[in-house]
Amino acid sequence: MSARQIRAGVAEFIRSVTVRNRLPLDYSVASLRVVDRITDGLRGAGPEPGSVARELFWLGAYAGEVIVRRAGAQWVDFDREQRELFGQPVGVRMPDGRVWNPIGKVAKRFAAGPEESVQQLYFLLHGRVPTTAAGSVERPDAAAGAPEAGAPEAVTCSCHQ
């Protein structure tokens, strides 16, 4: 799965999940709490992680799409080192250049439980772009968002996988 394909995959997954279960997955920040609860429900049912890997991947991709839509991030393909570090092919890059792994965060929630909150991840993100009253991202102009000369293009933070 590449960054170019992820948005369509998320939309299809959410369409299929919400039709069957009428879940409030509306790409709002509040819906990340629903992701936490769904993940807890999967965890509580006691399956092996491999048997729910597809669901966990797409719940994490949905969380990433919320970050893209609400915080001004962009989907990125991880390079080889990042794939090894995060265990995922894609992640999100914030406007400040930091790279985050929401797919891995959902996997951590499944493994560790409530102390790994997907919704809390959103609130801890550095470099969020302000949103309008309607909840859409206010995109800064290209000059304002350009990194300083010599600044790294991205900072990978392994503590928030």
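Definitions and cut-offs
Here the residue index of a chain counts from 1 through its sequence in written order. Residue-level local features of this predicted model are given only where pLDDT is at least 70; pairs of side-chain atoms are given and counted only at 80 or more, and the full residue set underlies all totals for whole chains, interfaces and linings. The side-chain numbers reported here are obtained from all heavy atoms of the structure, hydrogens and water having been left aside. Elements are defined by DSSP. Helices are runs of H or I of four residues or more, strands are runs of E of two residues or more, and each kind is numbered from the N terminus. Each residue's exposure class comes from its accessible area (1.4 Å probe, protein chains only) as a fraction of the maximum for that residue type: buried when under 20%, exposed when over 50%, partly exposed otherwise. We call two residues in contact when some of their heavy atoms are within 4.5 Å. For two strands to be treated as a pair, DSSP must find no fewer than two bridges joining them. By convention in these notes, a salt bridge is any Lys or Arg side-chain nitrogen within 4 Å of a carboxyl oxygen on Asp or Glu. Each residue carries a pLDDT score, the predictor's confidence in it, ranging from 0 to 100. Here the expected span of a helix is defined as 1.5 Å times the quantity of residues minus one.

When you look at the overall build of the protein chain in this model, what are you seeing that I'm missing?
Tallying secondary structure elements over the protein chain gives seven helices and four strands in all. Counting from the amino terminus, helix and strand elements in the protein chain follow one another as α-α-α-β-α-β-β-α-α-α-β. Buried residues in the protein chain amount to 43% of all 161 residues. Nonlocal contacts in the protein chain, meaning residues at least 24 apart in sequence, comprise 63% of its contacts between residues at least 6 apart.

How should the pairing of strand β2 (residues 90-93) be read in this particular structure?
It is a general feature of regular strands that their side chains alternate between the two faces of the sheet. Relative to β2, strand β1 (residues 74-77) runs antiparallel, the two being bridged by four bridges. Paired with V76 across the strands is G91, a residue of β2. As defined by bridge partners, β2 adjoins strand β3 (residues 98-100) across two bridges and the pair is classed as antiparallel. Within β3, the position partnered with R93 by the bridge is V99. Here β2 folds back onto β3, and the loop between the two strands holds four residues, one of which, G97, carries a positive phi near 95 degrees.

Help me understand the pattern of salt bridges, please; the structure alone is not making it clear to me.
Pairing between side chains of opposite charge can happen when the charged atoms of each approach one another. Throughout the structure, instances matching the rule amount to eight salt bridges. Between R7 and E65 there is a salt bridge, with the nearest N and O atoms lying 2.6 Å from each other. Of this pair, R7 sits in helix α1 (residues 3-21) while E65 sits in helix α3 (residues 53-71); the two residues are 58 residues apart in sequence, bridging distant segments of the chain. Salt-bridge contacts for D96 lead to R98; the nearest nitrogen and oxygen are separated by 3.2 Å. Residue classification places R98 among the partly exposed positions, given a relative accessible area of 31%.

Got a minute to help me understand the environment of A3 in this structure?
Counting through the fold element by element, A3 comes out in helix α1. Exposure remark for A3: the relative accessible area of 13% places this residue in the buried category. Considering only alpha carbons, one finds A3 and Q74, 71 residues apart in sequence, at a separation of 8.7 Å. A3 has contacts with W75, V76, D77 and V90, leaving out every residue within four places of it along the chain.

Any chance you could explain the confidence of the model for the protein chain here in plain terms?
Note that predicted coordinates carrying low pLDDT should not be read in detail. The pLDDT averaged across the protein chain works out to 82; a share of 78% of its residues lies at or above 70. Below a pLDDT of 50 lies the segment residues 139-161, which in the model reaches 30 contacts outside its immediate sequence neighbourhood of four places, other chains included.

What exactly am I supposed to notice about helix α2 (residues 31-44) here?
Under the 1.5 Å per step criterion, the end-to-end length of α2 is 20 Å for 14 residues, consistent within 8% with the ideal 20 Å. Contacts made by the buried residues of α2 are with α3, α5 (102-112) and α6 (118-124). One or two steps after α2, the chain reaches G46, where phi turns positive at roughly 80 degrees.

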